[in-house]
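What follows is each chain in one-letter form.
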Amino acid sequence: MVKKLKNLSRDCIDFGKSKIEPLFNSLFFPTLLSMVFASFYTVADGIFVGQGVGSDALAAINIAAPVFLMTTGIALMFGVGVSVVASIHLSQGNNKAANLTITQAFEVATLMMIVVASAIYFYRIPFLRLLGCTDVLMPLALDYLVWILPGCVCTITQVIGTFVIRIDGSPKYAASLEIVPGLLNIFFDWLFVFPMQMGVSGSAKASTLSCAVAAVMVVCYMIFRAKNVRLRRFRLTLTSLYLTGRNTVYMVRSGFSSMLGELAMTVILLAGNYVFIKNLGEDGVAAFSVACFLYPMVFMVNNAVSQSAQPIISFNYGAGNADRVRQAFRLSLRTSAICGILATAVLILGTKPLISLFLHEGTNPYAIAADGLPLFAASAIFFSLNVSIIGYYQAVEQNTRAIVYMLLRGLVFLIPAFILMPMLFVPQGLWLAVPASECLTFGVILLSRPRKQ
């Protein structure tokens, strides 16, 4: 039996009773702002390195970028998972279970990332070879990789903290976890790359330092400002370890499709780097890296839609308010469609100015990117709708359906598209692989959707 709903009212937010559209907007606009600044981590790296170091350095960052995507995948898996699970617990008045789950999310995810980062550091050269790094790019990629790994550990705390603080009813503070580090990252990128001439390692140091500031902000909130959520002391007892394992499985199951979303981005990078370097050499990878630096902007905007709708949907799903769940989902879908159309238009109409941020006009990488980016932009609308729908299935614990759709867009359709389309036409086929994968996934979602939703 559902207990009396608890008002999560840090910013006067009531997930169970407030009107859906104002409630969604109160979450969406701070989240959107935070996501835009979050994307500055990669965009700023690309702009300052491309202009200050060169196209080879830009390509080297693109080779090493899957490390950061892997980190974000782990963080999102636990962040989305804990948000879904804790929101349901809070909707049923079970704050103790919610707090225990939140504590376990921070602990397990951080430990997992420390293990992964350590393994990558000790086997960094074979790891970069596995990612397709050439001898030309290896020194630059190593400089970037070594300094980005500490920041990866801090990113875990930052991302999970964003989800936890949002369900605590503080979307503005959650937004500041991306805005403040995003601004710092831009400043430090400029300082380290240009005046201090640190090269590609300076960009990695800027990102790591900015992530560390965000992690400190999360810790300060949880200790001094949290209202409805609390961290609990970890106990090394058999019962505690059993509960941690059980709750970790529950969170991973709820958030696994979000990690697959980052895996999809990783596959795009890996497969794209391989086919571009095979067909067009290092200049091709540098050109492709422009799309990879811009794509997180599209990803983050639509993540803002999904993440804003998720606590509303999960809370009301846990409370049995089916009509409010439907309202929130329809609003998120409509918003995603608008964002996708706008993103496609911006990428097509602003192709040359956007590329000029990263590459010098008149170079071969610039010319390759100018021809290909408008083709790549066709993926934005389908991507936006896919992320919104998958986010809905996560929020209502239809995890198998969410995982299947993520696998389709990130693996099942994507890899064959990267293999087959360049055989048909080069270089256009290289750029159209991602749009083809997103379009096919959206078609499958439409054909397999439940009759009632």
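Before any of the text, the structure's been laid out above.
These lines cover the structure that appears in this document, whether it is placed above or below. Please read these numbers as outputs of a predicted model, since none were measured by experiment. (Residues numbered from 1 in each chain as written. Predicted model: local features only at pLDDT ≥ 70, side-chain atom pairs only at ≥ 80, totals over all residues. Heavy atoms only, no water.)

## Considering the pattern of salt bridges
Logical step 1: What the rule picks out here adds up to three salt bridges.
Logical step 2: For D135, the salt bridge goes to R129, with nearest N and O atoms at 2.7 Å.
Logical step 3: A salt bridge links E438 to R409, with the nearest nitrogen and oxygen atoms 2.7 Å apart. On the criterion of sequence distance, the pair formed by E438 in helix α16 (residues 428-448) and R409 in helix α14 (residues 399-412) is long-range, its members being 29 residues apart.
Logical step 4: Classification of R409 as buried rests on a relative accessible area of 2%. (Salt bridge = Lys/Arg side-chain N within 4 Å of Asp/Glu carboxyl O. Helix = DSSP H or I, 4+ residues; strand = E, 2+ residues; numbered from the N terminus. Buried < 20%, exposed > 50% of the residue type's maximum accessible area, 1.4 Å probe, protein only.)

## Side note on the side chain of S308
Logical step 1: Tracing the backbone through its elements, the reader meets S308 in helix α9 (residues 238-319).
Logical step 2: Residues contacting S308, with those up to four places away along its chain left out, are F24, L27, F28 and T31. (Contact = heavy atoms within 4.5 Å.)

## Thoughts on helix α3 (residues 66-91)
Logical step 1: In a regular helix each residue adds 1.5 Å, so 26 residues correspond to 38 Å; α3 covers 36 Å between its end C-alpha atoms and thus fits that length.
Logical step 2: Counting buried residues in α3 gives 25 out of 26 residues, a clear majority hidden from the surface. (Expected span 1.5 Å × (residues − 1).)

## A look at the nonpolar core
Logical step 1: I102, L128, I160 and I313 are the most contacted members of the largest nonpolar core, which has 143 residues in total.
Logical step 2: Sorting elements by how many residues they give to this core places α9 first, with 27 residues.
Logical step 3: Excluding residues within four positions of it along the chain, I313 makes contact with V325, A328, F329, Y392, A395 and V396. (Core = buried A, V, L, I, M, F, W, Y, C linked by side-chain atoms within 4.5 Å.)

None of the figures reported here should be taken as evidence of function without further support.
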